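Breakdown of the fold
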Amino acid sequence: MATIREKLAEKIPQWREDIGKLVKEHGNDVISEVTVQQAYGGMRGVRCLVCDTSYVDPEKGLIIRGHPISELADRLPEEVIWLLLTGELPTPAERDAFVEEMAQRRKVPDGVWKTLEAMPEDSHPMTMLSVASLVMEKDSIFKKKYDEGIRKEDHWIWTLEDALDLMARMPVVAAGIYRLRYKKGPRIPSDPKLDMGADYARMLGLPNPNGELEKLMRLYLVLHCDHESGNVSAFATHTVASALSNIYYAYSAGMNGLAGPLHGLANQEVLKWIQKLRERFGGVPTHEQLRDFTWETLNAGQVIPGYGHAVLRQTDPRFTAFLEFGKKYCANDEIFQIVARLYEVVPDILKQTGKVKDPYPNVDAGSGALLWHYGMTEYDYYTVIFGISRALGVASQTVISRAYLEPITRPKSVTTEWIKQQVGAA
Ligand code: CMX
């Protein structure tokens, strides 16, 4: 039975050969063009990145290495890591050994806790997460090996070591942040006998009725793990790592992007918005009240958090997976009922605006309601869980980029004057 490193060592030469041949034979073929609108419009739709860990189909949503995300909802996060990295699901024996390997990697250096404890008490938990990653940077194995002098062909090996350490440690760090930031008492140590999701749920110290919180955390870690490479957190991670900065620097950069309200912070914004709704109407509002509130938000020039997407054009299957979980385990919860009712109201309204390209819910629309149900009411923490899940994807993408021997990212910018001349504008 192969370890993940052996598995990759077996596959990478073939991947390199395939890509080398593709670039040699088709290097000058055009796969995308760039319009003036795209240059000013966040490069939306420009095909200029390669990501083999996952793909987002506008109609079907996230597909990980050929598997629609809905098919992976019952898998362990560790199985999904294996899939992201190798392109295959592990055999049961490979899975069990890998779960054990990842558990052994959960050791968080003491300096992380000391630094987090020294931060201002009202620091945002995402700032704490990003800082924790930077604190671990000094022990990067890739950095050490690079300083000693290693061949470019071998960069992926030490990047993999860092990537697996990062993925394994971040849930421990995140649980520690939760306990510290919200004064929940001492940290609960990791239990190496548990898988990543169950261990994280346990370290939070929240009630876990019938094992439901641990099921939710596994689901959470799987659903947010990757979303191809053009989103802000993945692209930021990719760009920083392309300078051969180690994974801790790169992931921290990605998390700083995830902390934006148009990206990962939207799950916190959803709960904030729902709280306002609840306060205004008391209990679960009627459809009419929800319509009024949605229009009021739009007319105030604000976005409806949890709705819309730069790539998707249908209900996000990750939202559907959370909705199904909620229907099964917390159908009577008021916040969950509001989320479900908003889904019946908001898309029609966003369509009426005539400008929103994707009027449907994204992953952030439903995730917070479930966390709230299980007692995690500190909604400014929610993006942290998104972040530790996203470590799985962005760290895997970094390993693959190094396996592909990708160079430093450096697109060309142009000036407005240049564009005017180019298109013959006055
Ligand atoms: N509510 C109100 N207006 C919205 C909207 C929403 N949920 N989604 C898009 N729009 C507006 C845009 O602001 C834009 O308006 P202007 O032309 O006045 O600037 C217009 O519709 C067109 O935007 P778009 O092409 O449909 O969407 P973008 O690709 O530019 O942006 C996104 C995508 C996600 C930033 C946007 O839909 C949004 O702000 N959604 C709310 C925040 C959110 O849920 N973010 C989480 C996304 C998932 C994630 O990354 O975690």
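Data block above holds the structure.
Please read these numbers as outputs of a predicted model, since none were measured by experiment.

Now for the site of the ligand. Near the ligand lie 21 residues; those nearest to it are His263, Gly306, Tyr307, Lys355 and Asp364. Between His263 and the ligand, the recorded distance is 2.6 Å, taken from a side-chain N or O atom to an oxygen atom. One nitrogen or oxygen atom from the side chain of Asn362 is found 3.0 Å from an oxygen atom belonging to the ligand. Isolated, the ligand exposes 890 Å² of accessible area, and the fraction of that covered by the protein chains is 75%. Tallied by class, the residues present in the shell around the ligand amount to 11 nonpolar, six polar and four charged.

If the charged atoms of two oppositely charged side chains come close together, the side chains can form a pair. Evaluation of the coordinates by the stated rule reveals 32 salt bridges. Through salt bridges with shared partners, a single ionic network connects Arg5, Glu101, Arg105, Glu161, Asp165 and Arg169.

With that settled, the discussion passes to the sheet that holds strand S3 (residues 67-68). Across a sheet, strands are paired by hydrogen bonds formed along the backbone, either parallel or antiparallel in direction. Taken in spatial order, the three strands line up as S1-S2-S3 in an open sheet, and their pairing is antiparallel. Of all strands in the sheet, those bounded by a partner on one side alone are strand S1 (54-57) and S3. Strand direction decides the pairing type here: strand S2 (residues 61-64) and S3, joined by two bridges, are antiparallel. In the strand pairing of S3, Ile64 is matched with His67.

In a regular helix each residue adds 1.5 Å, so 13 residues correspond to 18 Å; helix H16 (residues 317-329) covers 18 Å between its end C-alpha atoms and thus fits that length. If you check which residues of H16 are buried, you get Pro317, Arg318, Phe319, Ala321, Phe322, Leu323, Phe325 and Gly326. Residues of H16 that are buried make contact with S2, helix H3 (69-72), helix H11 (212-223), helix H17 (334-353), helix H18 (364-373) and helix H19 (382-403).

On to the packing of aromatic side chains. On inspection of all chains with the given rule, the structure shows 13 aromatic pairs. Plain terms: the ring middles of Phe142 and Tyr146 are 5.8 Å apart, the flat faces sit at 35 degrees to each other, and that makes the pair tilted. In this pair, Phe142 and Tyr146 both sit in helix H8 (residues 141-148), four residues apart, roughly one turn of the helix. Classification of Phe142 as buried rests on a relative accessible area of 2%.

What counts and what doesn't
- Residues numbered from 1 in each chain as written.
- Predicted model: local features only at pLDDT ≥ 70, side-chain atom pairs only at ≥ 80, totals over all residues.
- Heavy atoms only, no water.
- Near = heavy atom within 4 Å.
- Polar contact = N/O pair within 3.5 Å; in protein donor to acceptor, adjacent residues only side chain to side chain.
- Areas by Shrake-Rupley, 256 points an atom, 1.4 Å probe, with all protein chains shown as cover.
- Nonpolar A, V, L, I, M, F, W, Y, C, P; charged D, E, K, R; others polar.
- Salt bridge = Lys/Arg side-chain N within 4 Å of Asp/Glu carboxyl O.
- Pairing = 2+ DSSP bridges.
- Helix = DSSP H or I, 4+ residues; strand = E, 2+ residues; numbered from the N terminus.
- Expected span 1.5 Å × (residues − 1).
- Buried < 20%, exposed > 50% of the residue type's maximum accessible area, 1.4 Å probe, protein only.
- Contact = heavy atoms within 4.5 Å.
- Phe/Tyr/Trp six-rings, centres within 6.5 Å; stacked < 30°, edge-to-face > 60°.

Function cannot be inferred from these measures alone, as they are strictly geometric.
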